Amino acid sequence: MTTTAAAPEAALGVLPRADGSANYSHAGYTVTGSVNGPIEAQRRDEHAYEAHVDVVIRPAAGVGGTRERHLESILQSSLTQLILVKNFPRCLVQIVLQVEDSPENDYVNTKLVQASLNFAIMPALMQTAVLALLSAGVPMRATATATAIAVMRQEEGAPTLVVDPSTRAIETAQSAHVLAFTSHGGLLLAESEGDFTVKEWDSVYDTAREICCRSAPTKEGMEMVLDEEATRGPDMRQFLQSTMEAKVAKDLHWK
Amino acid sequence: MAPDGPLVLPGETIDPSLVPSHPKNPLRLGPGLRHIPPTDIVPTVAGQLITNPVKNSMWIEYNSNRYIPSPNDLILAQILRSTTDAYLCLITPYSAPATLPHLAFEGATKKTRPQLAPGQLVYARITPASANRHMDPELECVSATTGKADGLGPIGVVGTTSGSGSGSTGPGCVFDISLGFARRLLMARSREDGGVGVLEMLGGEEGGGLAFETAVGRNGRVWVGSESARTVVLVGRALQETDRAGLGMEGQRRLVKKLVREMK
């Protein structure tokens, strides 16, 4: 298992007029998200018993197309599971995610329309949305963490897993996967692309779970098995926790 | 003062030893917590868990910008328009309008009811009956038990009709603040418990004894009124700056001195 990216960075409350906002950068992607809600829904979006979650994704350049609509629909169904939508009937929770920066691909002309799903950006979008929702104080069932993993098949031997792969790595990979977990450890989102076996998917699942749901204290014996500390990858849950700690401490400085 | 609890994130489990237990009083859950029958109490927002063993209550202390109506909150609403028997009021931008019945004012009858124009500010209470999330919130400017206004009513009008409300005079302006800051301003001992002394300082010797009045709404709005428009702007700026920069007592004192010096 190898990882290519530096530790994630986040800032909360970057947009003064939105109810909640977050700026998140990880693995070459920078995304700014804003959350407004619960607000009055338009008549056609109104649901008698629950809030409507509206996700809008804007690409770094140009206007959004079919790919963005597809990403929106995936995120929308995941985030609806997290937000307590039944608490706010006939309301709307609006989440806007603006991609600010994405890593350049030296090998492929990015202007070309690619039919495939953009896997590398999905964890960044998911993470930004969760942070912005927390910043807005929208009531939620749980928090979530996400990661992307690519499976590179070697000539011989076991396939290697690349956490937070680059665009190039995804293109050369045998298969690419995005997984998100709730803070309860439940699988929230699983998108896969390419050729892979069930065994490979199982190892991807275990790796992603280790990154997203690692509990704070690590056991001595476990570390011996997983050898070096550096190969364990980023700890997303710890990152979320420390980001929110800083925000709450700032808000409640007067206590 | 309630003992300080740990930081919680949505969906985290709360240590059962932190939940207050009282032999007689039922446990009361405040904002940011939900009860999943039979025994689970789960936070829904990120914040600090506060427990009060005396009142047998617990809640999450956090700051946000979007007001969610809850019964008995005092809020600053703006009249949008009038229907046959009620005014429609704006509590927060882009949320469903609240209703304020024409008869929910002190001494109002079908013949003598206050005539409020669109844009008029009203200091009102959210009625205890409108706790249902399926209904739009309902407001009142009169206490249902005593029939008195108790300071509620239209704000910033000269000579209010039918004698209702406080009938404040002079120019005034509304300033937006965060919900946490509004709650701190509304505390009975806001200087000691909430750490806000900026209003006392402005009216005291640091501010050169400025004369102004304020009305703080739980919905993150504060109305500042004074004979002098300069004072209104100064007080509003002082409040917004204290909120935005998260100033402590010493910072507030310095801010007041700076603003007063600039005004002269």
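In this text, all values refer to a predicted model and were calculated from it rather than measured experimentally. (Residues numbered from 1 in each chain as written. Chains lettered and ligands numbered in written order. Predicted model: local features only at pLDDT ≥ 70, side-chain atom pairs only at ≥ 80, totals over all residues. Heavy atoms only, no water.)

### Topic: the UniProt feature "domain: K Homology" (unreviewed entry) in chain B
Which entries qualify depends on this criterion: UniProt positions are given in the numbering used here, feature names are shortened, and annotations may be inferred rather than shown by experiment. Each helix is a run of DSSP H or I of at least 4 residues and each strand a run of E of at least 2, with the numbering of both proceeding from the N terminus.
As recorded in UniProt, the sites labelled "domain: K Homology" (unreviewed entry) are residues 172-229 of chain B. Helix makes up 34% of residues 172-229 of chain B and strand 26%. Its end C-alpha atoms lie 7 Å apart.

### Things to note about the environment of Ala215(B)
All names here are of chain B. Rules: Each residue is assigned to one of three classes by its accessible area relative to the maximum for its type, calculated with a 1.4 Å probe on protein chains only: buried under 20%, partly exposed between the two thresholds, exposed over 50%. Only heavy atoms enter the contact rule, under which two residues are in contact if any of them lie within 4.5 Å.
Among the secondary structure elements, alanine 215 is positioned in strand β14 (residues 213-217). On the basis of relative accessible area, alanine 215 is assigned to the buried category, the value being 10%. As a C-alpha pair, alanine 215 and leucine 152 span 63 residues in sequence and 9.9 Å in three-dimensional space. Setting aside anything within four residues of it in sequence, one finds alanine 215 in contact with Leu76, Tyr123, Ile155, Arg221, Val222 and Trp223.

### A word on the confidence of the model for chain A
Caution is warranted with low-pLDDT regions, since their predicted coordinates should not be read in detail. Spelled out, the test is: The pLDDT value tells you how sure the predictor is about a given residue, anywhere from 0 up to 100.
Overall, the prediction assigns chain A a mean pLDDT of 86, with 86% of residues at 70 or greater. In this model residues 218-231 of chain A is a low-confidence stretch, pLDDT under 50, and it forms eight contacts with partners more than four residues away in sequence or in other chains.

### Notes on the packing of aromatic side chains
All names here are of chain A. Rule in force here: Ring pairs shown here join Phe, Tyr and Trp side chains whose ring centres sit within 6.5 Å, with only the six-membered ring taken for Trp; geometry is labelled stacked below 30 degrees between planes, edge-to-face above 60, and tilted in between.
Applying the stated criterion to the full structure yields three aromatic pairs over all chains. Judged by centre distance (5.5 Å) and plane angle (25°), the rings of tryptophan 201 and tyrosine 205 are stacked. In this pair, tryptophan 201 and tyrosine 205 are both assigned in helix α4 (residues 198-212), four residues apart and thus about one turn of the helix distant. Looking at tyrosine 205, the relative accessible area reads 22%, which means it is partly exposed. Counting every residue linked through ring pairs, the aromatic cluster contains Phe181, Trp201 and Tyr205.

### Focus on the UniProt feature "domain: Exosome complex exonuclease Rrp40 N-terminal" (unreviewed entry) in chain B
The UniProt record annotates "domain: Exosome complex exonuclease Rrp40 N-terminal" (unreviewed entry) at residues 27-66 of chain B. End-to-end, the C-alpha atoms of residues 27-66 of chain B are 27 Å apart, and along that stretch the chain is 0% helix and 52% strand.

### Details of the confidence of the model for chain B
Residue and element names in this part refer to chain B. Per-residue confidence for chain B gives a mean pLDDT of 88, with 94% of residues at or over 70. Segment residues 159-167 is flagged for pLDDT under 50; beyond a separation of four residues in sequence, or across chains, it makes 19 contacts in the model. ipTM for the predicted complex: 0.90, alongside a pTM of 0.91.

### Considering the sheet that holds strand β2 (residues 9-12) of chain A
All names here are of chain A. Put simply, the rule reads: Pairing between strands is defined by DSSP: at least two bridges between them are needed. Lines fitted to the C-alpha atoms define the axes, with helices restricted to the stretch that makes contact. Angles between their N-to-C directions range from 0 to 180 degrees.
Across the sheet, five strands lie side by side as β2-β3-β4-β6-β5; this open sheet has mixed pairing. The open sheet has two edge strands with one neighbour each: β2 and β5 (52-58). Averaged over all pairs of adjacent strands, the angle between strand axes in this sheet comes to 15°, irrespective of strand direction. Relative to strand β6 (residues 91-101), strand β4 (residues 29-40) runs antiparallel, the two being bridged by nine bridges. From the neighbouring strand, asparagine 36 faces β6, where its bridge partner is glutamine 94. Of the strands in this sheet, β2, β3 (20-26), β4, β5 and β6 are in contact with helix α2 (residues 122-136), which crosses β3 at around 150°.

### Section: the pairing of strand β7 (residues 144-152) of chain A
All names here are of chain A. The element β7 is largely enclosed, with a buried count of eight among its nine residues. In this sheet, strand β9 (residues 175-182) lies alongside β7 in antiparallel orientation, the contact comprising eight bridges. Bridging from a neighbouring strand, alanine 148 pairs with valine 178 of β9. In this structure, β7 lies alongside strand β8 (residues 160-163), joined through four bridges in antiparallel fashion. The partner of isoleucine 149 across the bridge, within β8, is valine 163.

### Details of the side chain of Gln252(B)
Residues and elements named next belong to chain B. Tracing the backbone shows glutamine 252 in helix α5 (residues 249-263). Glutamine 252 gets classed as buried once you look at its relative accessible area, which sits at 0%. In contact with glutamine 252, other than residues within four places in its own chain, are Gly195, Val196, Gly197, Val198, Met201, Thr242 and Leu247.

### Remarks on the packing of α2(A) against helix α6 (residues 236-251) of chain A
All names here are of chain A. Selection rule: Orientation categories follow fixed angle ranges, with anything under 35 degrees roughly parallel, anything over 145 roughly antiparallel, 65 to 115 roughly perpendicular, and all other angles oblique. Two helices cross in a left-handed way if the nearer one is turned anticlockwise from the farther one by less than a right angle. They cross in a right-handed way if the turn is clockwise. For this classification, the nonpolar set comprises Ala, Val, Leu, Ile, Met, Phe, Trp, Tyr, Cys and Pro, the charged set comprises Asp, Glu, Lys and Arg, and every other residue, Gly included, is treated as polar.
Taken N-terminus to C-terminus, the directions of α2 and α6 make an angle of 30°; their axes are 11 Å apart at the nearest point. Comparing the axis directions of α2 and α6 gives the class roughly parallel. Our pair here, α2 against α6, has a crossing hand that is right-handed. The residues of α6 that touch α2, namely those facing Gln127, Val130, Leu131, Leu134 and Ser135, are Met236, Phe239, Leu240, Thr243, Met244 and Lys247. Classifying every residue of the contact of α2 with α6 gives seven nonpolar, three polar and one charged.

### Section: the environment of Asn87(A)
All names here are of chain A. Relative to the elements of secondary structure, asparagine 87 occurs in the loop between α1 (66-82) and β6. Overall, the relative accessible area of 33% leaves asparagine 87 in the partly exposed class. Distance in space between the C-alpha atoms of asparagine 87 and alanine 51 is 7.6 Å, their sequence separation being 36 residues.

### What to know about the interface of chain A and chain B
One widely used convention gives an interface's size as the accessible area the parts lose upon coming together. Operational definition: One side-chain nitrogen of Lys or Arg within 4 Å of one carboxyl oxygen of Asp or Glu is enough to make a salt bridge. Polar contacts here mean pairs of N or O atoms no more than 3.5 Å apart (in protein, one a potential hydrogen donor and the other a potential acceptor; neighbouring residues in sequence count only if both atoms are side-chain atoms).
Between chain A and chain B, the contact holds 36 residues from the first and 36 residues from the second. Put simply, Asp19(A) and Arg66(B) hold a salt bridge, and the shortest N to O gap is 2.6 Å. Where chain A touches chain B, the interface holds nine residue pairs in polar contact (both at pLDDT 80 or more). The element best represented in the side of chain A that touches chain B is α6(A), accounting for six residues. In terms of residue class, the side of chain A that touches chain B is made up of 18 nonpolar, nine polar and nine charged.

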